[in-house]
Amino acid sequence: MTWYLVFWRNRSTSTVVPAASASQARSRARVKQKRGYGAIVAARRANSQDAGLIRKGTWVRRRRDGSSPQFGSARSKARARRQRSSYRHWL
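This structure is a prediction, so every number in the text was calculated from the model and none was measured.

1. A short note on the environment of R84
Turning to step 1, where the next piece is worked out: Checked against the element boundaries, R84 lands in helix α3 (residues 74-86).
Turning to step 2, where the next piece is worked out: Accessibility expressed as a relative area gives 29% for R84, which makes it partly exposed.

Rendered as structure tokens:
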């Protein structure tokens, strides 16, 4: 089993599911779907960096375009943190 990140139309974060294939990941993610998530737009296999975070139990933040605020320069991580905190009231 490998880890998959399943992306939703109306959410900025993905759902992490263990699955053998992308189609199985989609069906397992549908079980966890909540109202307002919208349709599934993509199911991508977690790369080695994400798999390490998942094993540690850390929340994985991966954008739909493939970039991540968790890896990179201190400046890019700080920018992502500011962006998240501006939406905190909405969460």
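2. Here's the deal with the nonpolar core
Turning to step 1, where the next piece is worked out: If you look at the biggest cluster of nonpolar residues, it comprises 10 residues: Y4, V6, W8, V17, A19, A25, A29, Y37, I40 and A43.
Turning to step 2, where the next piece is worked out: Listing elements by their share of this core, those giving two or more residues are β1 (2-8), β2 (15-19), α1 (22-32) and β3 (40-45).
Turning to step 3, where the next piece is worked out: If one sorts the elements of this core by residue count, β1 sits on top with 3 residues.
Turning to step 4, where the next piece is worked out: Ranked by size, the runner-up nonpolar core spans 7 residues in total, among them L5, A42, L53 and V60.

The rules behind the values
Residues numbered from 1 in each chain as written. Predicted model: local features only at pLDDT ≥ 70, side-chain atom pairs only at ≥ 80, totals over all residues. Heavy atoms only, no water. Helix = DSSP H or I, 4+ residues; strand = E, 2+ residues; numbered from the N terminus. Buried < 20%, exposed > 50% of the residue type's maximum accessible area, 1.4 Å probe, protein only. Core = buried A, V, L, I, M, F, W, Y, C linked by side-chain atoms within 4.5 Å.

That is the geometry; function is a separate question.
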